[in-house]
Number of protein chains: 2
Amino acid sequence: MELTTAEENYLKAIYHLSEEGKKSVSTNDIAAAIQTKPASVSDMLRKLGEKEVIQYRKYYGLQITELGKRLALQTIRKHRLWEVFLVDKLHFSWDEVHEVAEQLEHIQSTLLIERLDAYLNYPKFDPHGDPIPDEYGDVRSRPRIALNEMNIDQGGQIVAVKDSSAAFLRYLDKVGAYIGARIKVLDKVEFDGSVEILVDQKKTLFMSKDVASNILVLQS
Amino acid sequence: MELTTAEENYLKAIYHLSEEGKKSVSTNDIAAAIQTKPASVSDMLRKLGEKEVIQYRKYYGLQITELGKRLALQTIRKHRLWEVFLVDKLHFSWDEVHEVAEQLEHIQSTLLIERLDAYLNYPKFDPHGDPIPDEYGDVRSRPRIALNEMNIDQGGQIVAVKDSSAAFLRYLDKVGAYIGARIKVLDKVEFDGSVEILVDQKKTLFMSKDVASNILVLQS
DNA sequence: TTTTTTTTTTAGATAACTCTAATTTTATTT
DNA sequence: AAATAAAATTAGAGTTATCTAAAAAAAAAA
Ligand SMILES: [Mn+2]
Ligand SMILES: [Mn+2]
Ligand SMILES: [Mn+2]
Ligand SMILES: [Mn+2]
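For clarity, every value in this text was computed on a predicted model and none was experimentally measured.

(A) Spotlight on unusual backbone geometry. Residue and element names in this part refer to chain A. The phi dihedral of Y59 falls on the positive side, at around 70 degrees, and the residue is not glycine. Relative to the assigned elements, Y59 resides in the loop between β1 (54-57) and β2 (61-64). Judged by relative accessible area, Y59 falls into the exposed class, the value being 88%.

(B) Spatial organisation of the interface of chain A and chain B. Contacts between the two partners involve 20 residues from chain A and, on the opposite side, 20 residues from chain B. Taking both sides of the interface into account, the surface hidden between chain A and chain B amounts to around 1700 Å²; carbon and sulfur atoms contribute 70%. Three residues stand out in chain A for area buried against chain B, namely A:L90, A:R115 and A:Y119, and they jointly supply 30% of the buried area on that side. Where chain A touches chain B, the interface holds zero salt bridges. Linking chain A with chain B are seven residue pairs in polar contact (both at pLDDT 80 or more). Residue assignment for the side of chain A that touches chain B shows that the elements contributing at least two residues are α4 (66-88), α5 (97-104) and α6 (110-119) of chain A. Top contributing element to the side of chain A that touches chain B by residue count: α6(A), with five residues. Taken together, the residues that form the side of chain A that touches chain B break down as 12 nonpolar, five polar and three charged.

(C) Structural view of the protein's contact with DNA strand D. Around DNA strand D, 20 residues are found, and the nearest of them are A:T4, A:T36, A:S40, B:Y56 and B:K58. Each atom of DNA strand D within 4 Å of the protein was assigned to sugar, phosphate or base; sugar and phosphate come to 76%. Within the side chain of A:T4, one N or O atom sits 2.3 Å away from a phosphate oxygen of DNA strand D. B:K58 places a polar side-chain atom, nitrogen or oxygen, 2.5 Å from a phosphate oxygen of DNA strand D. The set of elements that each furnish at least two residues to the surface near DNA strand D consists of α1 (5-19) and α3 (38-50) of chain A together with α2 (27-33) and α3 (38-50) of chain B. Top element by residues in the surface near DNA strand D is α3(A). It accounts for five residues. In terms of residue class, the surface near DNA strand D is made up of nine nonpolar, seven polar and four charged.

(D) Looking closely at the relation of the copies chain A and chain B. The two copies are related by a screw motion: chain A maps onto chain B through a turn of 180 degrees and a shift of 0.0 Å along the axis, at an RMSD of 0.1 Å. Seen this way, the second copy is the image of the first under a two-fold rotation axis. For chain A, the minimum C-alpha distance to the rotation axis belongs to A:L104 and amounts to 3.8 Å. A shared binding surface is used by both copies, with 100% of the interface residues of chain A retained as interface residues in chain B.

(E) Quick peek at the coordination of the manganese ion (ligand 4). Residue and element names in this part refer to chain B. Distances from the manganese ion (ligand 4) to its protein donors, E83 (OE), D126 (OD) and H128 (ND1), fall at 2.2 to 2.3 Å. The motif formed by the donor residues of the manganese ion (ligand 4), counted along the single chain, is E-x42-D-x1-H. A residue pair is termed long-range when its members are at least 10 positions apart, and E83 in helix α4 (residues 66-88) and D126 in the loop between α6 (110-119) and β3 (145-146) qualify at 43 residues.

(F) Highlighting the side chain of A:E7. Residues and elements named next belong to chain A. Following the sequence through the fold, E7 ends up in helix α1. Side-chain polar atoms of E7 contact the backbone nitrogen of T4, separated by 2.9 Å. Not counting chain neighbours up to four residues away, the residues in contact with E7 comprise E2, M44, L48 and K51.

Basis of the calculations
- Residues numbered from 1 in each chain as written.
- Chains lettered and ligands numbered in written order.
- Predicted model: local features only at pLDDT ≥ 70, side-chain atom pairs only at ≥ 80, totals over all residues.
- Heavy atoms only, no water.
- Helix = DSSP H or I, 4+ residues; strand = E, 2+ residues; numbered from the N terminus.
- Buried < 20%, exposed > 50% of the residue type's maximum accessible area, 1.4 Å probe, protein only.
- Contact = heavy atoms within 4.5 Å.
- Buried area = accessible area lost by both parts, 1.4 Å probe.
- Salt bridge = Lys/Arg side-chain N within 4 Å of Asp/Glu carboxyl O.
- Polar contact = N/O pair within 3.5 Å; in protein donor to acceptor, adjacent residues only side chain to side chain.
- Nonpolar A, V, L, I, M, F, W, Y, C, P; charged D, E, K, R; others polar.
- Near = heavy atom within 4 Å.
- Least-squares fit on C-alpha atoms with pLDDT ≥ 70 in both.
- Donors = N, O, S within 2.8 Å, 3.2 Å for Na, K, Ca; no water.

If you want it as structure tokens, here you go:
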């Protein structure tokens, strides 16, 4: 069963939205996620339903099937492996990789992805800290907490970002926050939820709640 | 001016056929080259004419324009760089790369191809000995002669193959002919054009005229 | 429980690419 | 030069993916 590039993009979006815990994935959500119109989404949902990668009853909602999950995870695996390649080997910065990976993820060749994985030394996480599924779709995810939900004096290590937009990533670069950084919460402002943290035991950083909520920490 | 994947494939085929020296490129030739029907070719020629990458007058013939050449060479450059990547870094064999490169050549990102070129150390030839155009489309080609046209006692180095089909390449692997091999013509059979050569001063090899005509040699 | 709003789907078009079958043009024979 | 064959193009249809506008269904508000 092979999917077209468009189908892969839709299915990936559906998978991501499904994982976000929301009760159900709406047509409008999907349209927003892949920058298309709800009418186009309705049409594609029908097709994805026929291919049995989702279970779809119109007006009612949809549910991704096991088959759908497996296929989505394969695309996600490819996307993230390519991101690692671009950063580790071609020296892209982590805010430059997304667009290109969005294209590369659709290249069809199991041999290619096997070899790429080996070449990169079987990485477990992509440049944004997201876990790379193995060839069977198994994901080894780490327990993570949003930085704004940590308490004062708690410490940990930045392991991922929720928002992978270029703007956000460049902001993090600028202030010196990066994946792997060891941090400690120095202060939290009740009023607006902003936090003050200590990075690598030497630099203090203020950040808004909005920023902090997009940084994921492995607590220690 | 950007081309679709299909347009890039057509234009590349047209460029290759134009380079083969034949007086003009026929609709049927193109159809055969990219495994499609003449009717589809006619339609695409009209579109490529409108985009001014070829000059096209129906029933008369076509000529690739300077713009068309430049764009075709860009695609060829990408194709061959990816082939080098697959062989040098991912350890594909030279008969496994074509299909995948056929997909990868359409990835759109100038940064990607610049970085890939640098990463591969600015290779000048692909795994089949074909020259890699630089970013301006300049090709540094070597003077080459088909092995079956060499005379007895002449020597040289295999630098390329004309036929890049998996079957032919695997045959060359089997008999021990490879790009870079130093050869010398020991004997030629008038009757059927077959040749006997000495490879790397140790191994003698018989090959039919058909095989020899697909091996290109830099004479020494 | 109506009414209104929002969400979702359908209808109808368009664009890109492909095909088969029919037609037109050009080339080759007789 | 006329007949025939070959090559190329057009006509018409199908697929995939997208859109706008209209209709239908569900959810929210009055
Ligand atoms: Mn994509
Ligand atoms: Mn990522
Ligand atoms: Mn191609
Ligand atoms: Mn090649």
